Structure formats: structure tokens, C-alpha cells
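# Structural features, examined
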2 protein chains.
Amino acid sequence: MTEMSRNSGQEGGQPGRIGIGLELDATHLKILEVLRENGRISVAALAERVGISRANAYTRFEALRADGAIKRFTAEIDHVRAGLGITALIFVTVRQQMWRQFRAQLAQMPEVEYCAITTGQHDAMIQVRVTDVAAVHAMVTDRLANIPAVKATETVFILDEVLRRPYVLPSDRGPARSSRRPPADPAAGSAKSTGPARSAGPSGAAGPAGSAGSTGAEVPLGMMRFVGAAEGRAQLQQDV
Amino acid sequence: MTEMSRNSGQEGGQPGRIGIGLELDATHLKILEVLRENGRISVAALAERVGISRANAYTRFEALRADGAIKRFTAEIDHVRAGLGITALIFVTVRQQMWRQFRAQLAQMPEVEYCAITTGQHDAMIQVRVTDVAAVHAMVTDRLANIPAVKATETVFILDEVLRRPYVLPSDRGPARSSRRPPADPAAGSAKSTGPARSAGPSGAAGPAGSAGSTGAEVPLGMMRFVGAAEGRAQLQQDV
DNA sequence: GTTGAAATTAGTACGAA
DNA sequence: TTCGTACTAATTTCAAC
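Going by the annotation in an unreviewed UniProt entry, the name recorded for chain A is Transcriptional regulator, AsnC family, with Streptosporangium roseum given as the source organism.

Pasting the structure below:
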């Protein structure tokens, strides 16, 4: 039930046409802005905060949900408090003919919180949350490695999560536009920055810590270093 | 009063010791389980679904929030629908004396949805959502590259987000070590409005009564390939 | 798209098991 | 602690403007 798909789950859209089942105006975005920071706000309070009538707020609220612009409401849980103190990223190289199998296996792994298919050196990145480092090891060697679709993995620990915004919205950038200079934030109730100081290894099990290293290569200004796609799947990174 | 005005800071914690202000029992986890899939469920419905009284549910609900186990409630938004069709990961190498500056600059970038400090070749990974590919380029070259703290970057595009779970919980893993077992998701009442906007569907089947689980901790750290700091990324191929 | 009133529900308090 | 109930305040719905 946590599956996602490229088209982001259409409901009101016609086949063959990705996208707009509902034209989102500034008010819609404002609603989303409030809702992403306080998913439990009452519609009445929401209306007041957005500056519209309650009935209007109800209508739009329902429309956003029915349209799929709001996918669901969720509680952000402190995973450390919940007993999952270790977070790791596993970069996976997948045999290109076995994507389906790979995805199917992923669904069987409850410790996986997020998985994205990427360009670059690897094919996918998965984020896992577990109780201890040993569990990461078990996950990688016992489970991932046993999937034929998995050709190679590379694991990295997360030492701290500096920032997590509920969901980025275009309004954060001012008038929804492309790449140009962002004007000042309007009424963007800027996301309260996630508190720092949450280490991934309070139990001392932080694994290979430290990142003293430097790869040396200075960034060549004006030149962005895109990593090419691995083996026959790419096509997203020109336009630079 | 559904405002999130409650302070999410410590309340039950003693000074000098960050840690368990609240012992989470199976009921607490069950509450979290429901809440992460339907953050707008009413406490009454939550109580029914968890199998406790309404008063008890209110008490625990507030305790979880005050304790910080629940950090906040948020709406998951379809970023494509919202106008942000491009997602990218930027791996950043940071000059080690300038972390503070780096973090400060991050807060100024609204397109950043997530940032984690990692072990491995790079020091941080940031996830950005923008309208188009050019915006990624602008972001990396105009903004990131201008931060003195940033020594180098590496960018990768996300082609598809295969799965995102609201938040992983220990109960997902069941009591014992995991094998291959589907989590048996008891479909959340996230469907369309079935009555009041905050309802979650009455008395769904109780979820899997998983208890606090621990993954087998006696796995010897062996052949897993942890990426150390600053080691070159030369070797990529390795069958685990 | 807005306001106002009715019906329902949510949140709180308190005694009992 | 947890439950059950009664009471008060708030929310949602539905009407008319």
C-alpha cells in the first residue's frame, strides 16, 4: 500500500494525459502549505489561516484529497524513540532485466522506509531503519544479497538528519516559476527546521563514524557534475 | 483545538539525560501504527481501532506528543501535482570546519526537502524538489557552489520513487527475526470521505499484533562492504 | 463564494472498578 | 492504570444569502 508509481496515482485524470485533474491555484497551495505543517488542523482553523470561508475550505480540502494532491495524512514519528536508532542508505545496482523482481522483494522488507530509482553509478537507493548496526548487516547480506536482481550494494550510515521538510511546495520559492532567482517568501509558514542534535548512534553503535575525508576535487564553478546513468538507462540529464 | 501548539520539546526528561521519558509499550506502538497511516483519525476512532477506551487514548495520545515520539502531523503531498516534477539527490562534500555554515545555508534553501549527514565518500546527502532540470543546475552551480563550506558535489536524478512508508516502526518486523513475510497492511481508511472528514473508518480489523521486535543481533559483521570516509569510490562491483 | 444556525462530534473532568 | 459516563466546547453540515 505504499507503492508509488510514476504517474503518481491518477484518479481524476484521463488515460494518456498525465496530470491536471485539478487546477491548483494559489489558495490550494496555501492550503497545502498549512496542512503539511499541521496535518491535524481543523478545517475551520485552516480556513481562517488561509483567509477563506469555512465552506470553501471544506470544498477545497475534499477536492485536494479526491484529486490525489494530498495523498494521505501521516504522523512523523521519532524513530529513535520508537526503537529504531540506526538509519542507513543502501545503494543498489540492479540487473537490468530484473527490476520487477527487485521491486517485489522490496515490498517484503518492512525496514525499508524509502526507495528511489536513480541515475548515476547505482540504480536505486533505499533507506532503512533498524535497531542496530548488526541488523543493517543482516539486511544487506542475508536479504538483499539473496535477491538475484541485486548485483552489488554499497552501504552508508546516516549520522544525523539535519533537516526534513514535510513536503516541498512551489510556493516556497515564491511565484511558481522555473529556475530563476527566488523572491522573498510570501506567507510561507516556513517549516520549522527539524531540531538537530539527533545522533544516529547514541548507543555507541554508530558504525564506522567520522568522515574526515575529502576527495580533493574542488568543484569547478559553473560545471555541474552529473553522474551518468548506469547501463542503458538514462536520458534525464542533459539540459545543463 | 487541533493546533500543534504543544511544545514538542522535552517534558518528562531529566536534565542531562536525553532519553526515554516515556516507556513505549505495545499499545503505544499500535497507536503510532494507526497514526502514521491516518494522521487525521479522531481519537475516538483511534481508541476503537487500538482497543482501548477513549479516555485512555487521549492520555496516551497526548503523552506521545508531549514526549516527542510523535514529532508532528503532516500531509503527504503529490509533488508532481503540486508542480515539482523533478527530484534530485545531491551528495555534498563539506569542509570539515564549516559545518555550521553549511547547515545555516541549507535552511535558506526551500527546495531542499531532506538532508542527512552520512558516512562514506560524501558527507551529506540532500534531496531537492524543483520544477525542472534547469532548476537543479541552478541550485547546484549558483547556490551550493557559492557556499564556501561546500567542497564538491555530485548530483543524481530520481527517476521513480518506488516506495515510501510513512515511518518504519519496530512492530513492522514482528516478534522474531524476519523472514519473508508480507506486512499484511490493514488498509488504512485513507479513502475518500466516508462521512466526517476526520473519520478513519470504523473498527477496522486490528492490525498485526506485532510486538516490539528485535532483529537477530548475533550476526557477525563480516563481508558487508561499508564505505569508509574518503576512500575512493573506485571499487563498485562486488558480489556480496 | 460567503455567512449563520442546527446537529453531531470532540475534548475534558471525575468517580468507580 | 484504565474504563465509563456526563458535561462543555468545538467542529461539520446544511441552509439561505
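We are not done yet, so read on.
### Quick notes on the pattern of salt bridges
Counting across every chain of the model gives 17 salt bridges over all chains. With a shortest N-O distance of 3.1 Å, arginine 60 of chain A and aspartate 25 of chain A are connected by a salt bridge. Of the two residues, arginine 60 of chain A sits in helix α3 (residues 54–67) while aspartate 25 of chain A sits in the segment before α1 (26–37), which places them 35 residues apart along the sequence. By relative accessible area, arginine 60 of chain A is classed as buried at 16%. In this structure, glutamate 113 of chain B engages arginine 164 of chain B in a salt bridge whose closest nitrogen and oxygen atoms are separated by 4.0 Å. Taken together, the residues glutamate 113 of chain B in strand β3 (residues 112–118) and arginine 164 of chain B in strand β5 (residues 150–164) connect sequence positions 51 residues apart. A residue is classified by how much of its surface remains accessible, and glutamate 113 of chain B, at 4% relative accessible area, is buried. Taking the relative accessible area as the measure of exposure, arginine 164 of chain B reaches 10% and is therefore buried. A cluster of three or more residues bridged by salt bridges with shared partners is formed by Glu113, Arg129, Glu161 and Arg164 of chain A.

### Let's talk about helix α5 (residues 133–144) of chain B
Residues and elements named next belong to chain B. Along its twelve residues, α5 runs 16 Å from first to last C-alpha, staying within 8% of the 16 Å computed at 1.5 Å per residue. Within the sequence span of α5, burial applies to Val133, Ala135, Val136, Ala138, Met139, Val140, Thr141, Arg143 and Leu144. Buried positions along α5 lie against β2 (86–94), β3, β4 (124–130) and β5.

### Considering the protein's contact with DNA strand C
In the vicinity of DNA strand C, the residues found are Ser53, Arg54, Ala55, Asn56 and Arg60 of chain A together with Ser42, Val43, Ala44, Arg54 and Tyr58 of chain B. Here the atoms of DNA strand C within 4 Å of the protein split so that 52% fall in sugar or phosphate, with bases taking the remainder. Side-chain polar atom of arginine 54 of chain B to a base oxygen of DNA strand C: 3.1 Å apart, as the coordinates give it. Listing elements by their share of the surface near DNA strand C, those giving two or more residues are α3 of chain A together with α2 (43–50) and α3 (54–67) of chain B. Per-element accounting of the surface near DNA strand C gives the leading share, four residues, to α3 of chain A.

### A few points about the UniProt feature "domain: HTH asnC-type" (unreviewed entry) in chain A
UniProt tags residues 24–85 of chain A as "domain: HTH asnC-type" (unreviewed entry). When the span residues 24–85 of chain A is considered, its composition is 55% helix and 13% strand, and the gap between its end C-alpha atoms is 39 Å.

### Brief notes about the pairing of β3 of chain B
The buried count for β3 of chain B comes to seven of seven residues, which makes it a mostly enclosed element. Pairing analysis gives five bridges linking strand β5 (residues 150–164) of chain A to β3 of chain B, with the strands arranged antiparallel. Bridging across to β3 of chain B, leucine 163 of chain A finds its partner in cysteine 115 of chain B. With five bridges joining them, β3 of chain B and β4 of chain B adopt antiparallel strand pairing. The residue of β4 of chain B that forms the bridge with tyrosine 114 of chain B is glutamine 127 of chain B. Hairpin remark: β3 of chain B followed by β4 of chain B, antiparallel, with five residues in the connecting loop; positive phi at glycine 120 of chain B, about 100°.

Rules behind the numbers
- Residues numbered from 1 in each chain as written.
- Chains lettered and ligands numbered in written order.
- Predicted model: local features only at pLDDT ≥ 70, side-chain atom pairs only at ≥ 80, totals over all residues.
- Heavy atoms only, no water.
- Salt bridge = Lys/Arg side-chain N within 4 Å of Asp/Glu carboxyl O.
- Helix = DSSP H or I, 4+ residues; strand = E, 2+ residues; numbered from the N terminus.
- Buried < 20%, exposed > 50% of the residue type's maximum accessible area, 1.4 Å probe, protein only.
- Expected span 1.5 Å × (residues − 1).
- Contact = heavy atoms within 4.5 Å.
- Near = heavy atom within 4 Å.
- Polar contact = N/O pair within 3.5 Å; in protein donor to acceptor, adjacent residues only side chain to side chain.
- UniProt positions renumbered as here; feature names shortened; annotations may be inferred.
- Pairing = 2+ DSSP bridges.

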